[in-house]
Amino acid sequence: MKIAIVGTGYVGLVSGTCFAEMGTEVFCVDVDTKKIENLNNGIMPIYEPGLEEMVNRNKKAGRLQFTTDLTECLNEVEVVFSAVGTPPDEDGSADLKYVLEVARTVGRNMTKYLLLVTKSTVPVGTAKKVRQTIQEELDKRGLDIPFDVASNPEFLKEGAAIKDFMSPDRIVVGVESERAQELMTRLYRPFLLNNFRVIFMDVPSAEMTKYAANAMLATRISFMNDIANLCEIVGADVNMIRKGIGTDDRIGHRFLYAGCGYGGSCFPKDVKALIKTANKSGYPMRILQAVEDVNDEQKSILFRKLEKQFGGQLQGRRIAIWGLAFKPETDDMREAPSLVIIDKLLKAGCDVRAYDPVAMDESRRRIGDIIYYAKDIYDAVVDADALLLITEWKEFRMPSWTAVHKLMANPLVIDGRNIYDIKEMEEYGFEYHCIGR
Ligand SMILES: NC(=O)C1=CN([C@@H]2O[C@H](COP(=O)(O)OP(=O)(O)OC[C@H]3O[C@@H](n4cnc5c(N)ncnc54)[C@H](O)[C@@H]3O)[C@@H](O)[C@H]2O)C=CC1
Ligand SMILES: O=C(O)[C@H]1O[C@H](OP(=O)(O)OP(=O)(O)OC[C@H]2O[C@@H](n3ccc(=O)[nH]c3=O)[C@H](O)[C@@H]2O)[C@H](O)[C@@H](O)[C@@H]1O
C-alpha cells in the first residue's frame, strides 16, 4: 500500500517512518524545502530517540521518500494523511489554514479515489470543512471523483514517539464509509496483530476524543499541582498523596506528578482550543478554565520560591538552570516552563546560566544568547546563588552533590520536578525546596 503524509513534523515524520517500518510505502511531504533537503541527506529536524536510525533504514529500503510536492505522488497513493500544524489562532482557537490548504491541494490535483485522513488535532466540524473544500475544488474542475475523509487523531508523546506509535494503547478512527474503514484497518493491522485495538467511531466523536484526552491529562496535572500547593501550606507530602491515590485502579498512577507546570506543543494549545470551541457553542468549560489558570500560575512557582528565599532581592544574583526542554528526551521548548522562568529572572536582573543535554540550540534559536549556555551541569552552577531544576533529564538525577556544593556560591536548590530526596539534600548541606513536600 502507498500513502502520503503531509507535514513532516513530530507527528508526520514519526507516523510516516513507523508506517514504512511496517512495510507501507510512504511519501513524507513538507513545504519546508530545507527540512526535506536535510531529511534526504539523513539530517533529522527533531531530536527523538530511535528516529534517525529508523528513518535511514526505511529510506535505504526504498519505503520512505521525502518530497516537497504532494501533487507528484498524489496519483500513486490510496491514502493521504494530513499532519500539518494547527497552531492557536489569536483568540486561542485552532488555526485550520494549513489543514484546509492540504484539502485544497488534494481537491485540485486528485484524479482517482482518495481517502484524506486528518491526523492533526482539529476541532469538531473540521472533517466537514475538509470535505467541503475538496468538493469545491472538484466542482471547479467539473469532476465527479469519489473520495472519503476520516479523522485519526494521534496520541503519541514526544520523547517516546516511536514507542507510542509502534505499540499504541489504542487507535481512534472516525470514518464515514466502509471503504475508509477497510483502508484504515489494512494500514493499522500490522501494529496490532495480536490485539486489534482500533476504535472506529463517527468523525465528530473522533475529533473530540483527542481534545478530551489531552484535556483530561492536563486536568490531572493541574489538579495535582493544586493539591501540591495545598500540601505545602498544611504540611503534607504530595508524593505520598500521589502514591496513595494512584494505587486506586479507578485513578491510576500515571500523569499525577506535580511540578512547575505542563508545557509542550499540545496541552496548552489544546486546552485553550477546547475552551474556545465550547465558548463558541455557548457552553462555558469551567473546569478547563481553572486547569489553565492553575498551570499559568504554576509556571512561575520556582521564581516565586526563589524570590521568597532572597526576600524579593534578586538583582545581580546568579541563577543556574538545569533543563530547558518542556520535558526530557526532546529538544522541544514550545510553551516550556523554562521560558517563563528565564523571562522573569532576566527581568528581575539575574544572571542566568543554563544547561540542557539537547535543547540548547533550540533555546539559542528562540531567545538567543541572553543567557549563558553551560558546557555541563557543573559549569552551570559555578558561583550560582541558586540552582533551579526545571526538566527531569536522567543525567540530572545523580550529580555529584559534593562537587555542586563546592562550585555554588550559595547552596540553594529548588527542584521543580521533585526528583531529589529531601533528607539526602539536607545531609549534603543544601537548602532544598521542591513542589508540594
Ligand atoms: N507534537 C506532538 O507530540 C503531537 C502533535 N499532535 C498534533 O499534530 C499536528 C502536527 O503537530 P507537530 O507534528 O508537532 O507539528 P510541527 O510543527 O512539528 O510540524 C508541522 C509540519 O507541517 C508542515 N506544513 C505546514 N503546512 C503544510 C502544507 N500545506 N503542506 C505540507 N507541509 C506543511 C510544516 O512545515 C511543518 O514541518 C498538530 O495538530 C498537533 O496538535 C498530535 C499528537 C502529538
Ligand atoms: O497531543 C499531543 O501532542 C500529545 O500531548 C501530550 O504529549 P507531550 O506534550 O509530548 O508530553 P507529555 O509527556 O504529555 O507532557 C506534557 C507536559 O506535562 C508535564 N507533566 C506530565 C505528566 C505529569 O504527571 N506531570 C507533568 O507536569 C510534562 O512535564 C510536560 O511539560 C500527550 O501525553 C500525548 O498523548 C499527546 O499525543
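Bear in mind that the values here come from a model prediction, so they are computed numbers and not experimental data. (Residues numbered from 1 in each chain as written. Chains lettered and ligands numbered in written order. Predicted model: local features only at pLDDT ≥ 70, side-chain atom pairs only at ≥ 80, totals over all residues.)

### With respect to the overall build of the protein chain
Okay, so step 1: For the protein chain, the helix and strand inventory stands at 18 helices and 14 strands.
Okay, so step 2: Radius of gyration (C-alpha) of the protein chain: 24 Å, near the 22 Å computed for a compact globule of 437 residues.
Okay, so step 3: With the principal axes as the frame, the protein chain shows a C-alpha extent of 75 × 50 × 45 Å.
Okay, so step 4: Counting over 437 residues, the protein chain shows a buried share of 46%.
Okay, so step 5: Contacts in the protein chain between residues far apart in sequence, at least 24 positions, make up 72% of those at least 6 positions apart. (Helix = DSSP H or I, 4+ residues; strand = E, 2+ residues; numbered from the N terminus. Rg over C-alpha atoms; globule rule 2.2 N^0.38 Å. Buried ≥ 20, exposed ≤ 12 C-beta atoms within 10 Å, placed from the backbone. Contact = placed C-beta atoms within 7 Å.)

### Regarding unusual backbone geometry
Okay, so step 1: Positive phi, normally seen in glycine, also occurs at Glu335, with a value near 55°.
Okay, so step 2: Its place among the elements puts Glu335 in the loop between β9 (318-322) and α14 (337-347).
Okay, so step 3: Of the residues examined, Glu335 has 19 C-beta atoms within 10 Å and is grouped as partly exposed.
Okay, so step 4: Of note, the phi angle at Asp383 is positive, near 60°, even though the residue is not glycine.
Okay, so step 5: Relative to the assigned elements, Asp383 resides in the loop between α16 (377-380) and β12 (386-389).
Okay, so step 6: Owing to 12 C-beta atoms within 10 Å, Asp383 belongs among the exposed residues under this scheme.

### Concerning helix α2 (residues 33-40)
Okay, so step 1: Taken together, the buried positions of α2 are occupied by Lys35, Ile36 and Leu39. Projected onto a plane normal to the axis of α2, the buried residues spread over an arc of 95° and lie on a single side. Facing away from the buried side of α2 by more than 90 degrees, the exposed set consists of Thr33, Lys34, Glu37 and Asn40.
Okay, so step 2: Buried-residue contacts for α2 involve β3 (64-67). (Arc of directions from axis to C-beta.)

### Structural notes on the UniProt feature "domain: UDP-glucose/GDP-mannose dehydrogenase C-terminal" (unreviewed entry) in the protein chain
Okay, so step 1: Here, UniProt's "domain: UDP-glucose/GDP-mannose dehydrogenase C-terminal" (unreviewed entry) annotation points to residues 320-422.
Okay, so step 2: Secondary structure over residues 320-422 splits into 30% helix and 17% strand, and the C-alpha atoms at its two ends are 19 Å apart. (UniProt positions renumbered as here; feature names shortened; annotations may be inferred.)

### So, the site of ligand 1
Okay, so step 1: Residues in close proximity to ligand 1 total 26 residues, the closest being Gly7, Gly9, Thr86, Ser120 and Thr121.
Okay, so step 2: Broken down by secondary-structure element, the contributors of at least two residues to the shell around ligand 1 are α1 (10-21) and α5 (97-109). (Near = placed C-beta within 6 Å.)

### Topic: the environment of Glu292
Okay, so step 1: With respect to the secondary-structure elements, Glu292 resides in helix α12 (residues 286-298).
Okay, so step 2: When the C-alpha positions of Glu292 and Arg317 are compared, they lie 31 Å apart, and in sequence the two are 25 residues distant.
Okay, so step 3: With near-sequence residues (within four places) excluded, Glu292 lies in contact with Val271, Lys272 and Ile275.

### Considerations on the site of ligand 2
Okay, so step 1: Around ligand 2 there are 21 residues in total, and Glu158, Tyr257, Tyr262, Gly264 and Cys266 lie nearest to it.
Okay, so step 2: Among the elements that take part in the shell around ligand 2, helix α9 (residues 203-234) stands out by supplying 3 residues, more than any other.
Okay, so step 3: For the shell around ligand 2, the per-class residue count stands at 11 nonpolar, 6 polar and 4 charged.
Okay, so step 4: A domain split of the shell around ligand 2 shows at least three residues from each of domain 1 (2-200) and domain 2 (211-297). (Nonpolar A, V, L, I, M, F, W, Y, C, P; charged D, E, K, R; others polar. Domains from an automatic or database assignment.)

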